[in-house]
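In case you want the letters, here they are:
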Amino acid sequence: MIAFVTYKMILVLVIFTITLAIAAYSTYAERKVAAFLQDRVGPDRAGPFGIFQPLADGLKFIYKEEIIPNVSNKLLFVFGPCIAMLTALMAGVVVPWGDTVFIGGKEYSLQITDLNIGILYVFGVVSIGVYGIMIGGWSSNNKFSLLGAIRASAQMISYEIAMGLAIIALVLMTGTLSLREITMQQAGGLGGDWNFWNVVYQPLGFLIFIVCAFAECNRTPFDLPECETELVGGYHTEYSSMKLGFYLFAEYINMFISSAVISTLYFGGFNFPFMNNLGLDHNMISIIGTIVLFAKIVFFIFFFMWIRWTIPRFRYDQLMNLGWKIMIPLAIFNIALCALISLYINR
Amino acid sequence: MIRTGMLTNRSKVVVKKEMNFWERMYLPAILSGVVITIKHLLRRKATIKFPEQKREISKVWRGQHVLKRDEHGAERCTACGLCAVACPAEAITMTAAERKKGDEGLFREEKYASVYEINMLRCIFCGLCEEACPKEAIFLTDRIVSTDYERHGFIYGKDKLVEAVDKRIDVTVRQTPEVLEFKKHKLLSHNR
């Protein structure tokens, strides 16, 4: 029992640390990618190539004066960033970060917990995330914050529907909600058994899912909640110091988790091509698999940033049109298509 | 239809037409945009990392001013105020004083500037002070005015403007024979 708890505690701690580290370095990567895509150099003063920039940013956030507006609801004002951070960190629990490893004859899974309703859990946690934004924006008692918060909640709720419908098509195909099982079904790939990643069978579903993931993470082209040109800073206008840091950080953690979920659901998770043909032992393949999963995640984080510096922001009515009139019908069409095809194959 | 730039023959006819299905899908446009941005990823960067690298500047770059001394080390400026009058930004102020006995080595003529200040925040580095100066006393150099945290730090007095006796500043690039010839014009020949 104690061994089990220690192993889980260590796993939780490691994943927590990695999540924070990746989120911190996402801020650095964002600035670097932005700079490079615009023919600039980006931050390069703090350490070689500016790799200590996140530390400098963090220190700056901590040392800045913290202002809580007099007219705000103080309890909720503090509560908002906490919720945003909490929900962002919670979603990583069900993601399978790797296959099992054998240490001293015992099998250890590189996943904190394998819920049989894994995807549902992710959706549940992500939809709580909107409360962090809503509460933060509303309790600031500022019209820009409130507008940003209302936009954020409306946007996230609209796009959650299409996202959920895209997942239903995937669940129809895989027959499970557990993220681990979905990953295991994508094992192999090229090589001996011709078993492809889900993106090959679900291209439309993947497209809908990734667009909705952009909207859920409030990333460009769907960054209307905090569009700096219209709403000052959106829901976090009144925030300063580390509370603002928490909001920004939560956004990057969300991006990391979204990338992890996309990689797991559609890009084979910790599976990689020819994995069963290399003749390596199980532990080795697991370790390579984890590295491959992180490579996929890093690619998707890069993709998020790449899109950010390519596409301008949507207008609000365009956003709602896209969400309700295109994404949702398309997702329903995708479900019908998948249902018909799986019915035809299984007959 | 809007026609612009008729004179240059580079007019572009703007047509507002309905988008076809392919264009309305938005994805091909995103794809082409994404390709454009990724091409910039490894392109040569335009950034000049300032303290280590410096931007190439012209030979006759107009930067921080210098108040010259003559060949014996005496200040050339006589506080005539022509530079201050010429200055379009009104950046120059000065106070004139009479030379005391025994200061002949310090100041070239009987009148000199006891205070001479240039506000570098006002200065537009046009070089009109240099052009107005009848005594060949003020020149703009290729030095860059350094940054400061305070506004009053940009008001340069004689301590910063007058060149050191042992560290003369070369202005031959700006004081060419052509310039000297130009200054011989009769409109500029007063008070020589």
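Residues numbered from 1 in each chain as written. Chains lettered and ligands numbered in written order. Predicted model: local features only at pLDDT ≥ 70, side-chain atom pairs only at ≥ 80, totals over all residues.

Caption draft 1: Representation of the overall build of chain A. A tally of regular secondary structure across chain A gives twelve helices and two strands. Sequence-ordered secondary structure for chain A, helices as α and strands as β, is α-α-α-β-β-α-α-α-α-α-α-α-α-α. Its C-alpha radius of gyration of 21 Å places chain A within 12% of the 20 Å reference for a compact globule of 347 residues. Along the longest, intermediate and shortest principal axes, the C-alpha atoms of chain A span 65 × 50 × 50 Å. Looking at chain A residue by residue over its 347 residues, the buried ones come to 43%. (Helix = DSSP H or I, 4+ residues; strand = E, 2+ residues; numbered from the N terminus. Rg over C-alpha atoms; globule rule 2.2 N^0.38 Å. Buried ≥ 20, exposed ≤ 12 C-beta atoms within 10 Å, placed from the backbone.)

Caption draft 2: How the structure looks around the overall build of chain B. Broken down by element type, chain B carries six helices and five strands. Its C-alpha atoms give chain B principal-axis dimensions of about 90 × 40 × 30 Å. Considering chain B as a whole, with its 192 residues, one finds that 15% of them fall into the buried category. Counting only contacts in chain B whose residues sit at least 6 apart along the sequence, the fraction spanning at least 24 positions is 73%. (Contact = placed C-beta atoms within 7 Å.)

Caption draft 3: View of the interface of chain A and chain B. In this assembly, ten residues from chain A lie in contact with twelve residues from chain B. Residue composition of the side of chain A that touches chain B, by class: six nonpolar, two polar and two charged. (Nonpolar A, V, L, I, M, F, W, Y, C, P; charged D, E, K, R; others polar.)

Caption draft 4: Structural detail: helix α1 (residues 2–37) of chain A. Helix length check: α1 of chain A (36 residues) gives 50 Å between terminal C-alpha atoms against 52 Å at 1.5 Å per residue, within 8%. The complete set of buried residues in α1 of chain A reads T19, I22, A23, S26, Y28, K32, V33, F36 and L37 of chain A. Tucked into the core, α1 of chain A has its buried residues touching α2 (53–63), α3 (74–90), α10 (241–266) and α11 (282–308) of chain A together with α2 (27–41) of chain B. Looking one or two residues past α1 of chain A, D39 of chain A carries a phi angle of roughly 60°, positive in sign. (Expected span 1.5 Å × (residues − 1).)

Caption draft 5: Just the packing of α1 of chain A against α2 of chain A, in detail. Residues and elements named next belong to chain A. Interhelical geometry of α1 versus α2 gives an angle of 105° and a closest axis separation of 9 Å. Comparing the axis directions of α1 and α2 gives the class roughly perpendicular. Across from A24, Y25, T27 and Y28 in α1, the residues of α2 making contact are Q53, P54 and D57. When the residues that make up the contact of α1 with α2 are grouped by side-chain class, the tally is four nonpolar, two polar and one charged. (Axes fitted to C-alpha atoms, helices over the stretch in contact; angles between N-to-C directions. Parallel < 35°, antiparallel > 145°, perpendicular 65-115°, else oblique.)

Caption draft 6: Representation of unusual backbone geometry within the structure. Residue and element names in this part refer to chain B. Not every positive phi belongs to a glycine, and A79 is a case in point at roughly 55°. Relative to the assigned elements, A79 resides in the loop between β1 (65–67) and α3 (82–86). Judged by the 22 C-beta atoms lying within 10 Å of it, A79 falls in the buried class.

Caption draft 7: Just the environment of T147 of chain B, in detail. Here T147 of chain B is to be found in the loop between β4 (138–140) and β5 (155–156). You can call T147 of chain B exposed: it has 7 C-beta atoms within 10 Å.

Caption draft 8: Representation of the confidence of the model for chain B in the model. Confidence along chain B averages 85 in pLDDT terms, with 93% of residues attaining 70 or more. We note a pTM of 0.80 for the whole complex and an ipTM of 0.77 for its interfaces. (pLDDT = per-residue confidence, 0-100.)

Caption draft 9: Structural view of helix α4 (residues 118–139) of chain A. Between its terminal C-alpha atoms α4 of chain A stretches 32 Å, which fits the 32 Å expected from 22 residues at 1.5 Å a residue. One or two residues past the end of α4 of chain A sits N141 of chain A, with phi positive at roughly 60°.

Caption draft 10: Up close: the sheet that holds strand β3 (residues 111–119) of chain B. All names here are of chain B. Across the sheet, three strands lie side by side as β2-β3-β5; this open sheet has antiparallel pairing. This sheet does not close on itself; its edge strands, each paired only once, are β2 (92–98) and β5. Sheet analysis places β3 next to β5, joined by two bridges and oriented antiparallel. Residue pairing across strands places I118 opposite Y156, the latter belonging to β5. (Pairing = 2+ DSSP bridges.)

Caption draft 11: Inspection of the pairing of strand β1 (residues 100–103) of chain A at higher detail. Residue and element names in this part refer to chain A. Sheet topology note: the β1/strand β2 (residues 106–109) ladder contains four bridges and is antiparallel. Each residue of the ladder has a partner; that of I103, found in β2, is K106. Counting the residues in the hairpin turn of β1 and β2 gives two residues, including G104, whose phi is positive at 60°.

Caption draft 12: Up close: the nonpolar core. All names here are of chain A. Counting 82 residues, the largest nonpolar core has A162, A166, F209, C212, I253, F256 and I262 as the members making the most contacts within it. Considering every element that reaches this core, the biggest residue donor is α10, with 14 residues. Contact partners of I262, with chain neighbours within four places excluded, come to F209, I210, A213, F267 and F300. (Core = buried A, V, L, I, M, F, W, Y, C linked by C-beta atoms within 7 Å.)

Caption draft 13: Spotlight on the packing of α1 of chain A against α11 of chain A. All names here are of chain A. Relative to each other, α1 and α11 sit at 45°, their axes nearing to 10 Å. One element, α1, and the other, α11, form an angle in the oblique class. For the crossing formed where α1 meets α11, the hand is right-handed. Contacts between α1 and α11 pair S26, A29, E30 and V33 from the former with I301, F302, M305 and W306 from the latter. Counted by class, the contact of α1 with α11 contains six nonpolar, one polar and one charged residues. (Left-handed = near helix turned anticlockwise from the far one by under 90°.)

Caption draft 14: Looking closely at the pairing of β3 of chain B. In this structure, β2 of chain B lies alongside β3 of chain B, joined through seven bridges in antiparallel fashion. Looking at β3 of chain B, one finds that T95 of chain B is bridged to V115 of chain B.

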